[in-house]
Amino acid sequence: PKSRIDPTQVPRPAAAEDQQIREFKTSSLSTTAVPQASSQYRVVDDGNCSPRFMRLTVNQIPNTKELAKRLAIPIAIVMQPLTQLPLTESVVPYITDLTSGPPRCRRCRAYVNCHVQFVDGGRHWNCNLCGMTNAVEGEYFSTLDHTGQRRDIRDRRELRYGSVDFAASPEYYNRPAMHPAYMFAIDISSEAAQSGLLQASVDAVLSALEGLDDIAQRNTLLQVGLLTFDTHLQFYNLHKECEEDELPGVYVVPDIDDPFVPTPHCMAPLLLHRATIEKVLRALPEMYADAHVGEAAVGAALQVAAMALQPNGGKVVCMFSAPPTMGVGKVGRLDDAAAIGTDRERKILSPDGTFYSGLADLCCSAQVSVDVHAYTSGYCDLVSLGQVCRRSGGQLSYVSAYQHAKHALKLQREVLRGVTRPAAQEAVLRVRCSTGLCVDNYYGSFNKTLEGDIEMPSLDADKTLAVELRLEADIAAEKKEASVQCALLYTAPDGSRRIRVHTLAVTVSNNISSIFRCSDLDSVVNFMAKRAVTEAPDKGLEAVRASLISTTVQILYVYRKFCATNPAPGQLILPESLKLLPLYTLGLLKNKALTTDVAIVRNDQRAYLTQRLLTLSAAETSTCAYPRLFALHSLSPSHGCTSSDGHLSLPPSLSLTAEKLDTNGAYLLDNGEALMFWLGTNVPKSFVQQVFNVGALGAGDAASLELHCYDNDVSRRICSIVEHIRASRPSYQVLDMVQQRDAVGEGNLLTYLVEDRHATVVSYVDFLCHIHSQIQQKLA
């Protein structure tokens, strides 16, 4: 009954920002709770890889198939192999002194790591994954001391740390290492010129060239190409040195149904030809200011850009405003907004035609990754187009209503981030497990080969994958630990071929209560979200939504039945480690990627948000499921200020309910993808004056406000809070101003207030009642 759940006592996220920075030693993984993904913590790698690289949903592995099935918590790894570590943590060691490459198990091909055991005086080592005894090669031999440890242990970083980079030996090179190459494709249609996107694209590429300068200084082979497009494709001879008042030759490709690369000179070394490249870029806005062509051959531009990079590999960065309505890859179906919930739903959630899947095949074989920035109000069929970004390891960015003042900076920041963030090129990823465990499935943004390997042209620092594990056999009684190893073979920016190896070893347990205590909420939510959006095209939205609820119910039912001690018959019992699981599940049900409410999301936005969920880290997914709400009108003296340890203090996050929005207040909502600044109708004029430098707000005035830093304490601290949040995100967050009673803006914000009832989805309290009712039925 509803009366048994007190709304003031239901579990909600703690204000992790105000917690002390905690030190976490990775060797304590199975005995100490892993830090919350969004909290402040410092990792010391002393024998397991950092949870920043790999997080398990359960940090104790059930010892039998029966126990794993009963547990109901999915056993999975959430991994971000190249994540950027804080400056306070040690970098991943790079091991270059193994001329024959890293030692590997002869049977399972696992790499040597700090959990293998050396025996027979150091002449053999036992693999911690499969148990195979392997001979130690001559150059790797060391005698053992009286404790059984190698005497050279201090010099062998791969035997001390859970994460290492090995220099790859020649056998790992199947072709000469690729050098960095970037092809920028810019829409020059009248729509792009008039909206300001053409100028924004030019500014974004100029900023990217500035960012690439440091890489070009270290790798002089770095090349850049330019391609512009409307109903034709234009390439530029960037090798030609021009007089001050002239531009290099333009090669026009009129055939957008069977496009081709017209010249081998479309790519040029950045160091040698930067002046020419920048001259062409700066001329584009004036050259096409009076353009009358309102359409763009986006598919042809993507195809020919990939073809231009094909001999070497590289990255395509495409920016467009006019939807792809011409040439190959043109939109082949209508935006069927009403398809959700009908028998047409699975079709609209699945790619249309074969062009973009074929282009993705080309990109993957040629080692070309594709970033697409679709800043358009027209229907682009991003379900189809987006698969090129997803499979090639690229990025999809989408803005449905481009406003130059607001979105030009977003484009610039995201293009710059896309070409300068740490990334693995020519990446091949493999996950190996202990005997008894096996990889069941991968979820995320990647290309999977017929052999089951994860291969893609690029894997960057912001990409996260989820790997589902399965207990295929009982784990032998003598085995006290189970291990998981992720190996990533890749080309680094300096052209070297490397193998990044992350290894985790956790306790094997037969105690279900202990396993629940060691479960990780952030990993569970991330995995459930990735699995749901992956399965939606095949199973349908209603089926995956029902699956999210049934998984949550089953987990809590198992805990109630097997772990709770003397529970009251009508009481809802939640495990401490997963007490927020119902709340985050409700957040996923209300998320625009999974909602069935077609009034709040269009098909292209759903496709973009789906792809975004597939790449998000554990911390980002939690914010996506349950955004953060901050009161800005009542900041304490420390909020928005940086402490001596460099940590900026945020105000406490509030419950996501409209009851928290005081008409006299101002609030900031952070959903991970955008920021919303809500102003109550009675917000003090002094606050408005300090923060926005205007005297008073009339109805509808908020939309024209911009946040700038003015010379007063309140303004400086609010700007610091906004910039701090933005700096922690992989994509740039636009700030939307929302005024109370603004039908459109406030209506959008209210969809993120997870705890309130919205459309057909119940409130948080009612959802807890529903979960409780389902559990009671199972117990009956």
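Look up a bit, the structure's there.
Throughout, a residue's number is its position along its own chain's written sequence, starting from 1. With the structure being a predicted model, the display of local features is reserved for residues of pLDDT at least 70 and the display and counting of side-chain atom pairs for 80 or more, all residues being used for whole-chain, interface and lining totals. Hydrogens are left out, water is left out, and the side-chain values use all remaining heavy atoms of the structure.

A. Spatial organisation of unusual backbone geometry. Backbone geometry at A72 places phi at a positive 75 degrees, although glycine is not the residue there. Looking at where A72 falls in the secondary structure, it is placed in the loop between helix 1 (65-71) and strand 5 (76-79). One non-glycine residue with positive phi stands out, namely R741, at about 75 degrees. Under the scheme used here, helices are H or I runs from DSSP no shorter than 4 residues and strands are E runs no shorter than 2 residues, and both carry numbers assigned from the N terminus. Tracing the chain through its elements places R741 in the loop between strand 29 (735-739) and helix 18 (743-750).

B. The arrangement of the pairing of strand 29 in detail. Throughout this description, buried means an accessible area under 20% of the type-specific maximum (1.4 Å probe, protein chains only), exposed means over 50%, and partly exposed covers the range between. Where burial is concerned, most of strand 29 is hidden: 4 out of the 5 residues are buried. With 5 bridges connecting them, strand 28 (residues 675-679) and strand 29 associate as parallel partners. Its bridge partner being in strand 29, F677 is matched across the sheet by M737. Between any two strands, at least two bridges found by DSSP are needed for them to pair.

C. View of the sheet that holds strand 9 (residues 133-135). Taken in spatial order, the 3 strands line up as 7-8-9 in an open sheet, and their pairing is antiparallel. Looking at strand neighbours, the two that pair on one side only are strand 7 (117-119) and strand 9, the edges of this open sheet. Sheet twist, expressed as the average angle between the axes of neighbouring strands with direction ignored, equals 35 degrees. Where strand 8 (residues 124-126) lies against strand 9, 3 bridges are found, and the strand directions are antiparallel. Bridge assignment links H124 to a residue of strand 9, and that residue is A135. A fitted line through C-alpha atoms represents every axis, and for helices the fit uses only the stretch in contact; the resulting angles, taken between N-to-C directions, go from 0 to 180 degrees.

D. Looking closely at the pattern of salt bridges. Any Lys or Arg side-chain nitrogen found within 4 Å of a carboxyl oxygen on Asp or Glu counts as a salt bridge. As enumerated under the stated definition, the model contains 40 salt bridges in all. Residue K539 pairs with E535 through a salt bridge whose shortest N-O separation is 3.4 Å. Placement of the pair is K539 and E535 together in helix 11 (residues 521-539), with a separation of 4 residues, close to one helical turn. Relative accessible area serves as the criterion here: at 17%, E535 is assigned to the buried category.

E. View of the state of the cysteines. Here, the term disulfide refers to a pair of cysteine sulfur atoms separated by no more than 2.5 Å. Inspection of the entire model under this criterion finds 0 disulfides. Looking at C641, it has no disulfide partner, and the nearest cysteine sulfur is the one in C709, 12 Å off. Using a relative accessible area of 30% as the deciding quantity, one classes C641 as partly exposed. The structure places no disulfide on C719, whose sulfur is separated from the nearest cysteine sulfur, that of C709, by 4.4 Å.

F. Summary view of the nonpolar core. In this text, buried Ala, Val, Leu, Ile, Met, Phe, Trp, Tyr and Cys residues form a nonpolar core when linked through side-chain atoms within 4.5 Å. In terms of nonpolar packing, the biggest core is built from 160 residues, with L302 and F516 touching the most fellow members. Among residues more than four places away in sequence, those in contact with F516 are L71, I73, I555, V558, Y559, C563, P575, S577 and L578. In this structure, F184, A204, L206 and A291 belong to the second largest nonpolar core, which totals 39 residues. Residues are treated as being in contact if the distance between any of their heavy atoms lies within 4.5 Å.

Limitation: the analysis is restricted to geometry and does not speak to function.
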